[in-house]
2 protein chains.
Amino acid sequence: MGYVKLQEPHLRAFCQDAFEGFGFDREEARIITDVLLLADLYGIESHGVQRLVRYHQGIMKKSIRVDAKPEIVFETPVSAVIDGHSGMGQVIGYFANQLAIEKAKAAGMAFVTVRNSNHYGIAGYYSKMACDAGLIGISMTNSESIAVHTNARQAVLGSNPIAFAMPADPYPFWFDAATTVVPRGKLEVYKKADKPLQEGWAIDEEGHVTDSADRALQCIINKNGGGILPLGGNREEMGSHKGYGFSMICEILCAIASGGATSNHHVRKPGEGAGTCHSFVVIDPKIFGNPQEMKDSLSVFMQELRDAKRADEQVQIYTHGEKEAIRYQEKLKNGIDVNENTVKEMQDLCHDLSMDLASYFDEGELLK
Amino acid sequence: MGYVKLQEPHLRAFCQDAFEGFGFDREEARIITDVLLLADLYGIESHGVQRLVRYHQGIMKKSIRVDAKPEIVFETPVSAVIDGHSGMGQVIGYFANQLAIEKAKAAGMAFVTVRNSNHYGIAGYYSKMACDAGLIGISMTNSESIAVHTNARQAVLGSNPIAFAMPADPYPFWFDAATTVVPRGKLEVYKKADKPLQEGWAIDEEGHVTDSADRALQCIINKNGGGILPLGGNREEMGSHKGYGFSMICEILCAIASGGATSNHHVRKPGEGAGTCHSFVVIDPKIFGNPQEMKDSLSVFMQELRDAKRADEQVQIYTHGEKEAIRYQEKLKNGIDVNENTVKEMQDLCHDLSMDLASYFDEGELLK
């Protein structure tokens, strides 16, 4: 499976028009495109433009409602609960996070929760938004059930990522991780490569550890038992209950705090939204006194971590967000790696939307 | 090594007098005792009365200052930064958490950070305090460096527990976990039992995985490399960077947000406080609309998790805080298991404080 390198401005223009073609307005299309492209620029291919086809399908099946507008159903100076009315997750997430940022600037901190949404892209997009505004940003989302909690053999919890960002030099602290040991996308990569899974990644319908990516993925789809394990695997002695606990915090702060659906009650029916829930916490560092001092001390601490003695002199020590910041610059300059299958899907999409794919790219850019 | 069963009211009366004997006032001694006994009642022996001797040593070495009073050095309606002035961690923690609870009741949510404190007991004591008041409670602390981050062979991060509690029936959701794969106490247990460590728990000075509890503990003491691994072990493919990330969130919200010391700058010198930093976040569920509905929906969800298909029909599925709630009732009724070594330390303490240990307990209660 080959990759082509597409220039960021070309891909951005294409996505903008594609989402406008789906019926979103200019600003909505800009937001959705920006979320997808940040994932690609950060090297998180699973959440980038390769998801275009899945969003298209969701819109066709009316699981994602293009004309839905997020509605504030409850509000205080430090909080809001938003009903997404089954709209596009990125549009709802951006609206909710922007509201959290405004409230945090006024009140010092704010907590906005969302129910009845759909997949909103990388959680770290929203924490980065707050971080870019000089604030501490936290975002979480639940998802369909894929994770099997300690001692169970049935997936009840979602992938449930937790993202956290805070300004620092030369790179912000930018953490974004599923509370499962690996994301679903990793199993898909292993399946394509026909590689056995690591022990502690997944269990089958019977509750036994499986090294078959295909079987684990079938388990997730069939919902008859089996799935991915929490961070810490399936044994308490390796901290399984801790990954399970972080996943629970995510469910509580997303679904319980929004009056929405926990991951095990998400919907996969045409005509109905998934029921995904998100949360957005924004903290203005001013509430602790001196934001510049905080930024400086975090920068010093992260440098100490990078300068620590290495396990192996050949191996570099990273801080969270460093790899992403490096990839961002590199891909802005040299282009985004896009799978040839994704290019094919973009071509099909152009056919449906009466767009001309080639017109967005230089001659030869779409060829390997 | 044997255990005796001591009745909770007897042990409580003894601890109260012992801490008053150290120089704390009645209310301070009540708080410290309550934090220690909750750990014992929850079955977390490492953080219970067995720590008496360590606190005593800290006071003797003037690392813990008995007469210090926590001082609010910065404050907003939703926040405060507290300088602990090297006082007793439990006294400072209680003060800070109580302030967070009061501010959250007034403003909807609040965030209080603490610098220059000492060991404050179980993080979950403070989240439980908020939970008992019908609120969502979060608490974190850093500690001396014991954890080796991904690709390093030097402990920079602390054990860095994160605790989260929210009301539910029949048990609250009560999560309290170090962000390391295992706590230091587990290594001590393995050392005493001469058992090999699991792979993925610890590495040695050279950065290699070690199965020797003794060697790993020496590494932590000597500070020349080696230590306990983050949740997820030392390989990114098992999520090492995720445990490392959660530990970083703890450092940021405790040390960076209080202007205090990150774990690698903690002090272990006579006459100086450790420099431990804590944070306390309290959220009033009213800011999301209906607290009773939230409690009910969390209770339903936790029951669904307990009722999920089991990996093995013989194994029970637990929710977080369930085991602790069961142990609490059992130990209140039947007594707290206290190690004979701890009883010996209590006897020595009585000698120093001119107390009569036997006078607190029934005849034979102190004998196995």
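Computed from a prediction, not measured in an experiment: that's the story for all the values here.

Overview of the overall build of chain A
Then, in step 1: When helices and strands are tallied, chain A shows 11 helices and 13 strands.
Then, in step 2: Since a compact globule built from 368 residues should have a radius of gyration of about 21 Å, the 21 Å found for chain A is in line with a globular shape.
Then, in step 3: In terms of overall dimensions, chain A has C-alpha extents of about 55 × 50 × 50 Å along its principal axes.
Then, in step 4: For chain A, the proportion of its 368 residues judged to be buried stands at 59%.
Then, in step 5: About 14,000 Å² of surface is accessible on chain A, with carbon and sulfur atoms providing 48% of the total.
Then, in step 6: Across chain A, 37 positive and 49 negative side-chain charges occur, with their mean positions spaced 2 Å apart.

Let's talk about the sheet that holds strand β9 (residues 173–177) of chain B
Then, in step 1: One open sheet accounts for seven strands, arranged β2-β3-β4-β12-β5-β8-β9 (chain B); its pairing is mixed. A strand with exactly one partner marks an edge of an open sheet, and here the two such strands are β2 (71–76) and β9 of chain B. Strand-to-strand, the axes of this sheet are offset by a mean angle of 10°, without reference to chain direction.
Then, in step 2: Pairing of strand β8 (residues 162–166) of chain B with β9 of chain B, which is carried by five bridges, proceeds in the antiparallel orientation. Directly across from I162 of chain B, in β9 of chain B, lies its bridge partner A177 of chain B.
Then, in step 3: Lying over the sheet, helix α8 (residues 240–254) of chain A contacts β8 and β9 of chain B, oriented at roughly 135° with respect to β9 of chain B.
Then, in step 4: On the sheet, helix α5 (residues 123–132) of chain B packs against β5 (136–141), β8, β9 and β12 (276–283) of chain B and is oriented at approximately 20° with respect to β8 of chain B.

What to know about helix α8 (residues 240–254) of chain B
Then, in step 1: In this model α8 of chain B runs 21 Å from its N-terminal to its C-terminal C-alpha over 15 residues, within 8% of the 21 Å that 1.5 Å per residue would give.
Then, in step 2: The buried fraction of α8 of chain B amounts to 14 of the 15 residues, a majority that puts the element mostly inside the structure.

So, the relation of the copies chain A and chain B
Then, in step 1: Between chain A and chain B, which share one sequence, the superposing operator has a rotation angle of 180° and an axial displacement of 0.0 Å; the RMSD is 0.0 Å. A rotation of that kind, with that shift, is consistent with a two-fold axis. When each C-alpha of chain A is compared by its distance to the rotation axis, G232 of chain A comes out closest, at 2.8 Å.
Then, in step 2: Looking at chain A, 100% of its interface residues are interface residues in chain B too, so the copies touch through the same face.

Notes on the packing of helix α2 (residues 26–41) of chain B against helix α10 (residues 322–334) of chain B
Residues and elements named next belong to chain B.
Then, in step 1: At a closest axis distance of 8 Å, the pairing of α2 and α10 adopts a crossing angle of 105°. Relative to α10, α2 is oriented roughly perpendicular. On α10, the residues that touch L38, D40 and L41 of α2 are E324, R327, Y328, K331 and L332.
Then, in step 2: Here the contact of α2 with α10 is composed, by residue class, of four nonpolar, no polar and four charged.

Remarks on the interface of chain A and chain B
Then, in step 1: Tallying the contact residues gives 86 residues for chain A and 86 residues for chain B.
Then, in step 2: Carbon and sulfur atoms supply 69% of the area that chain A and chain B bury against each other, a total of about 6,900 Å² over both sides.
Then, in step 3: Contact with chain B buries surface across chain A, with K242, F288 and K309 of chain A losing the most and accounting together for 10% of the total.
Then, in step 4: Put simply, chain A and chain B have two salt bridges between them.

With respect to the side chain of T150 of chain B
Then, in step 1: Topologically, T150 of chain B is positioned in the loop between β6 (147–148) and β7 (155–157).
Then, in step 2: Within the local environment of T150 of chain B, its side chain forms a polar contact with the side chain of S240 of chain B, the two groups lying 2.7 Å apart.
Then, in step 3: Only 3.5 Å separates the side chain of T150 of chain B from the backbone nitrogen of H241 of chain B, close enough to count as a polar contact.
Then, in step 4: Non-local contacts of T150 of chain B, meaning those with residues more than four positions away in its chain, are made with I317 of chain A together with E236, S240, H241 and Y244 of chain B.

Quick word on the packing of aromatic side chains
Then, in step 1: One pass over the full model with this rule turns up 29 aromatic pairs over all chains.
Then, in step 2: Consider the rings of Y126 of chain B and F280 of chain B, whose centres lie 5.4 Å apart with planes at 75°: the pair is edge-to-face. Of this pair, Y126 of chain B sits in helix α5 while F280 of chain B sits in strand β12, and the two are 154 residues apart along the sequence. The pair formed by Y126 of chain B and F280 of chain B is uniform in burial state, with each residue classed as buried.
Then, in step 3: Joined through ring pairs, the aromatic side chains of Y120, Y125, Y126 and F280 of chain A make up one cluster.
Then, in step 4: One Lys or Arg, K323 of chain A, reaches over the ring of Y318 of chain A and ends 4.7 Å from the middle of that ring.

Some remarks on the nonpolar core
Then, in step 1: Residues F164, F173 and I283 of chain A together with F164, F173 and I283 of chain B are the most contacted members of the largest nonpolar core, which totals 120 residues.
Then, in step 2: If we ignore the near neighbours within four places in the chain, the residues touching F173 of chain B are G245, M248, I249 and I252 of chain A together with F164, A165, M166, A168, L298, M302 and H320 of chain B.

Remarks on the sheet that holds strand β8 (residues 162–166) of chain A
Residue and element names in this part refer to chain A.
Then, in step 1: Taken together, seven strands build an open sheet; the order of strands is β2-β3-β4-β12-β5-β8-β9 and the sheet is mixed. Of all the strands in the sheet, just β2 (71–76) and β9 (173–177) have a single pairing partner and so form its edges. Averaged over all neighbouring strand pairs, the angle between strand axes comes to 10°, with direction disregarded.
Then, in step 2: Here strand β3 (residues 79–83) runs beside strand β4 (residues 109–117); their pairing, made up of five bridges, is parallel. Following the sheet pairing, D83 is matched in β4 by R115.

Rules used in this analysis
- Residues numbered from 1 in each chain as written.
- Chains lettered and ligands numbered in written order.
- Predicted model: local features only at pLDDT ≥ 70, side-chain atom pairs only at ≥ 80, totals over all residues.
- Heavy atoms only, no water.
- Helix = DSSP H or I, 4+ residues; strand = E, 2+ residues; numbered from the N terminus.
- Rg over C-alpha atoms; globule rule 2.2 N^0.38 Å.
- Buried < 20%, exposed > 50% of the residue type's maximum accessible area, 1.4 Å probe, protein only.
- Areas by Shrake-Rupley, 256 points an atom, 1.4 Å probe, with all protein chains shown as cover.
- Lys, Arg positive; Asp, Glu negative; His and termini not counted.
- Charge placed at Lys NZ, Arg CZ, Asp CG, Glu CD.
- Pairing = 2+ DSSP bridges.
- Axes fitted to C-alpha atoms, helices over the stretch in contact; angles between N-to-C directions.
- Contact = heavy atoms within 4.5 Å.
- Expected span 1.5 Å × (residues − 1).
- Least-squares fit on C-alpha atoms with pLDDT ≥ 70 in both.
- Parallel < 35°, antiparallel > 145°, perpendicular 65-115°, else oblique.
- Nonpolar A, V, L, I, M, F, W, Y, C, P; charged D, E, K, R; others polar.
- Buried area = accessible area lost by both parts, 1.4 Å probe.
- Salt bridge = Lys/Arg side-chain N within 4 Å of Asp/Glu carboxyl O.
- Polar contact = N/O pair within 3.5 Å; in protein donor to acceptor, adjacent residues only side chain to side chain.
- Phe/Tyr/Trp six-rings, centres within 6.5 Å; stacked < 30°, edge-to-face > 60°.
- Lys NZ or Arg CZ within 6 Å of the ring centre and 35° of its normal.
- Core = buried A, V, L, I, M, F, W, Y, C linked by side-chain atoms within 4.5 Å.

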